[in-house]
Amino acid sequence: MKTLFHYLSAYKLRMAAGLLIKAVGTLAELFLPLIMAHMIDNVAPTEDVLALSLWGAGMFACAVVGLVGNVTANRMASRVARDTTERIRADLFAKTLRLSARQTDEATVPSLVSRLSSDTYNVHNMIGMMQRLGVRAPILLVGGIVLTFFVDSVLALILVALVPVLTVIVILVARRGIRLYDNLQRSVDGMVRKVRDDYTGIRVIRALSRTAYESDSFRAVNETVVKNETRAGMTMGITNPFMSAVLNLGMAAVLFVGAYRVAGDYAMPGDLIAFTSYFTIILNAVISVSRIFVNYSKGGASAKRIAAILAMPQELLPEPQREAGDPQTVIGFEDVTFSYGGVPALRDVSFSLHKGESLGIIGATGSGKSTIVALLLRFYDADSGRVVVDGTDVRAYARSDLRKKFGVVFQNDFLMAASIRENIDFERGLAETDVEQAADYARAGKFIREHGGLESALTARGANFSGGQKQRLLIARALAASPEILILDDSSSALDYKTDAQLRKTLLEKLPDTTIVMIAQRISSVRFADKILVLDAGRAVGFGSDEELMRDCEVYRSIYASQHGEKEDTHDR
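This structure is a prediction, so every number in the text was calculated from the model and none was measured.

Thresholds applied
Residues numbered from 1 in each chain as written. Predicted model: local features only at pLDDT ≥ 70, side-chain atom pairs only at ≥ 80, totals over all residues. Heavy atoms only, no water. Helix = DSSP H or I, 4+ residues; strand = E, 2+ residues; numbered from the N terminus. Rg over C-alpha atoms; globule rule 2.2 N^0.38 Å. Buried < 20%, exposed > 50% of the residue type's maximum accessible area, 1.4 Å probe, protein only. Contact = heavy atoms within 4.5 Å. Areas by Shrake-Rupley, 256 points an atom, 1.4 Å probe, with all protein chains shown as cover. Lys, Arg positive; Asp, Glu negative; His and termini not counted. Charge placed at Lys NZ, Arg CZ, Asp CG, Glu CD. Axes fitted to C-alpha atoms, helices over the stretch in contact; angles between N-to-C directions. Parallel < 35°, antiparallel > 145°, perpendicular 65-115°, else oblique. Left-handed = near helix turned anticlockwise from the far one by under 90°. Nonpolar A, V, L, I, M, F, W, Y, C, P; charged D, E, K, R; others polar. Pairing = 2+ DSSP bridges. 1 Å grid on protein atoms, 1.4 Å probe; cavity = no way out; pocket = protein on both sides within 12 Å on 5 of 7 lines; lining within 4 Å. Points joined across faces, edges and corners; volume = space filled by probe spheres on them. Patch = residues over 30% accessible without salt bridge, like charges linked within 9 Å, V, L, I, M, F, W, Y side chains within 5 Å. Salt bridge = Lys/Arg side-chain N within 4 Å of Asp/Glu carboxyl O. pLDDT = per-residue confidence, 0-100. Expected span 1.5 Å × (residues − 1).

J.: Is there a simple way to explain the overall build of the chain in this structure?
T.: Along the backbone of the chain there are 20 helices and ten strands. Radius of gyration (C-alpha) of the chain: 35 Å, far over the 25 Å computed for a compact globule of 573 residues. Out of the 573 residues in the chain, the part that is buried amounts to 46%. Contacts in the chain between residues at least 24 apart in sequence constitute 77% of all its contacts with a sequence separation of at least 6. Total accessible area computed for the chain in this model is approximately 28800 Å², and 58% of it derives from carbon and sulfur atoms. Across the chain, the mean location of the 65 positive side-chain charges is 4 Å away from that of the 62 negative side-chain charges.

Structure (structure tokens):
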């Protein structure tokens, strides 16, 4: 909750003013039963119309003060809740963008989505309710009990006897509630993960007739959420009935004792009416307190989850003290070993690349090809060894300075539901000529013009374009900012052989000073490269030109033979 109090501190004056107004309005309401009792027992018997009118005007004034005060304070509370949640949500989103890849893996994307949506919503409700009822309910509860002593001290003792019972109920339920709502939010994370995965792969699910299976799978996840929600709801739902039952028993005792005291002339009828009014006020205050604790349990659990993300230390900070290497080495790996937490994805990998050279990386699925890219961009730090860019250890760069050097097309990249221009420019403010030139270099200019030009729109995930067209748009995006290093991570898999060859030729001719790293499954996509890195189970088993590898690397020859044979078989059929 310290994190939440930090955000609320910016609105402490507004909150103080709102709470003061709320307190004044609530106190005004508390005096209404007392004035009514005085009018019934003392003013009405005198038949003084003027006195009755004056006291009636006093009651009306208290009612107006209570109404205006509560409405004003509630509006102020809503603004504080809105503004605080807006800041929390903005900071949380910004923090998620700054998390290292390892931290994102630990938190999981569905959990981050849940914290940005449902958790911030719960916090918003808690902040608003704590301001609306956090002052009003305690004043009505405590003030009502205190004023009952002025009405009838004997009847007031009945109320005092109920307070410890009510307190125990609230404390026990609140403690358990926070834990239950934390479990509920975790199960919601799982549901978000399931929905995201299914919606992302909806076409595959339909194509393979797996809708029934996925529906059953979602039903299981949904049942877990329902079970946790039921447990939390039933536990928190105990509060209101139990507290109401205790107070209703107290009300019965008050009426019984009060009737006896009025009959024996120990109390006045107006006092009994005022006392029952206060009892009703106290009952409503207790119900409000139970609502506060329900929302506090939800909001407290959510605030804890949000604070856990905001408190994550910033990783991958620049380390300028790192030793410099060979300034001619644009890209270098020096005995690099790395794992994602289990079996190493790379083991003692070493290679180097100079300016303007091209590197092809090939290997079986899971051999560590994409991990090379992740370490180059410093999404992760190597467990041992070092990664060098422009002769400098990547750990010595500020992340923004390092990544400005790269143009990247990832294996699983995305396109926005926006215009082609916006997808290529990607909010970088690039010149029109740069966007057009990048599209031409990526062999995308022709089909862009056929689709209506750069202003034509893409649907979600670029569904209105073919796989090869989408890949060329992504390559155009990577080229548009004239990067020093271009990385293409399996970005030509959807291209036909002719287009793939034309694209490689264009890149080599038009970008002679750009260092190119191309990861591919097809050996034909990397044979043109100056250097080829062959990976097998995370180890570099070959590094050199196509001619050298065909002579010296058995794994490379095996890949070539396999793919060359498949091509021949396809041709024969």
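J.: How should the packing of helix H6 (residues 136–151) against helix H11 (residues 269–310) be read in this particular structure?
T.: Any two packed helices are characterised by the angle at which their axes cross and by the distance between the axes. Where H6 meets H11, the axes come as close as 8 Å, and the angle between the chain directions of the two elements is 160°. Taken together, the axes of H6 and H11 are roughly antiparallel relative to one another. Every pair of crossing elements has a handedness; the one defined by H6 and H11 is left-handed. On H11, the residues touching Ala137, Leu140, Leu141, Gly144, Ile145, Leu147, Thr148 and Val151 of H6 are Asp271, Ala274, Phe275, Tyr278, Ile281, Ile282, Ala285, Val286, Ser288, Val289 and Ile292. In terms of residue class, the contact of H6 with H11 is built from 15 nonpolar, three polar and one charged.

J.: Would you take a moment to explain the sheet that holds strand E5 (residues 392–393) for this structure?
T.: Remark on secondary structure: sheet strands pair via backbone hydrogen bonds, oriented parallel or antiparallel. In spatial order, the strands read E2-E1-E4-E5; together these four strands make up an open sheet with antiparallel pairing. Both outer strands of the open sheet, strand E2 (344–354) and E5, are each paired with one neighbouring strand and no more. Relative to strand E4 (residues 384–389), strand E1 (residues 329–339) is paired through five bridges, and the arrangement is antiparallel. Paired with Ile331 across the strands is Val389, a residue of E4.

J.: Hey, could you run me through the layout of surface pockets in this one?
T.: Space left empty within the atom packing is revealed by a probe, the size of a water molecule, rolled over the atoms. Looking at the largest pocket, its volume works out to about 1600 Å³. Taken together, 37 residues make up the lining of the largest pocket; nearest its centre are Phe379, Phe410, Asn412, Asp413 and Phe414. At the level of secondary structure, the elements contributing two or more residues to the lining of the largest pocket comprise helix H3 (49–98), helix H4 (101–107), helix H7 (153–200), helix H12 (369–376), helix H13 (399–403), strand E6 (406–409) and helix H17 (467–479). Sorting elements by how many residues they give to the lining of the largest pocket places H12 first, with four residues. Broken down by class, the residue content of the lining of the largest pocket amounts to 17 nonpolar, ten polar and ten charged.

J.: Got a minute to help me understand the pairing of strand E9 (residues 531–536) in this structure?
T.: Residues in a regular strand project their side chains so that they alternate between the two faces of the sheet. Alignment of strand E3 (residues 358–363) against E9, held across five bridges, turns out to be parallel. Pairing of Ile362 across the sheet is with Val534, part of E9. Both E9 and strand E10 (residues 539–544) contribute to a ladder of five bridges, which runs antiparallel. Counterpart to Leu533 in the pairing with E10 is Phe543.

J.: Please clarify how a nonpolar patch on the surface should be interpreted in this entry.
T.: Where nonpolar side chains cluster on the molecular surface, the patch consists of Phe60, Val64, Leu67, Val68 and Val71 and spans about 470 Å² of accessible area. Its location among the elements puts Leu67 in helix H3. Look at Leu67 and you get exposed, because its relative accessible area is 56%.

J.: Sorry if this is basic, but what is going on with the confidence of the model for the chain here?
T.: Close inspection of predicted coordinates is inappropriate for parts of the model with low pLDDT. Considering every residue of the chain, the mean pLDDT works out to 85; 97% of them sit at 70 or more. Looking across the chain, the model is least confident in helix H20 (residues 554–572), with a mean pLDDT of 69, and most confident in E9, with 94. Below a pLDDT of 50 lies the segment residues 566–573, which in the model reaches zero contacts outside its immediate sequence neighbourhood of four places, other chains included.

J.: Could you clarify how one ought to interpret H17 in this entry?
T.: Each α-helix winds once per 3.6 residues, and so residues spaced three or four apart point in a common direction. With 13 residues, H17 extends 19 Å between its outermost C-alpha atoms, agreeing within 8% with the 18 Å of an ideal straight helix rising 1.5 Å per residue. Within H17, eleven of the 13 residues are buried, which leaves the element mostly enclosed by the surrounding structure. Among the residues of H17, those classed as buried are Gly468, Gln469, Gln471, Arg472, Leu473, Leu474, Ile475, Ala476, Arg477, Ala478 and Leu479. On its buried side, H17 packs onto E6, helix H14 (420–425), helix H15 (432–441), helix H16 (445–450), strand E7 (485–489) and helix H18 (497–510).

J.: Which parts of the structure should I look at to understand the sheet that holds E9?
T.: Spatially, E6-E7-E8-E3-E9-E10 is the arrangement adopted by the six strands of the open sheet, whose pairing is mixed. This sheet does not close on itself; its edge strands, each paired only once, are E6 and E10. Averaged over neighbouring strand pairs, the angle between their axes works out to 15° when direction is ignored. As paired strands, E6 and E7 are joined by four bridges and run parallel to one another. Bridging from a neighbouring strand, Val409 pairs with Leu488 of E7. In this fold H17 packs onto E6 and E7, with an angle of close to 170° to the strand it touches most, E6.

J.: Teacher, can you tell me more about the packing of H3 against helix H5 (residues 109–132) here?
T.: Where H3 meets H5, the axes come as close as 9 Å, and the angle between the chain directions of the two elements is 155°. As far as their axial angle goes, H5 and H3 are roughly antiparallel. The two elements H3 and H5 cross, and the hand of that crossing is right-handed. Partitioned by chemical class, the residues of the contact of H3 with H5 number ten nonpolar, nine polar and four charged.

J.: Is there a simple way to explain unusual backbone geometry in this structure?
T.: Generally, phi is negative for residues other than glycine and the peptide bonds are trans, each holding for most cases. At Leu316, a residue that is not glycine, the phi angle is positive and equals roughly 55°. In this structure, Leu316 sits in the loop between H11 and E1. Of note, the phi angle at Asp348 is positive, near 50°, even though the residue is not glycine.

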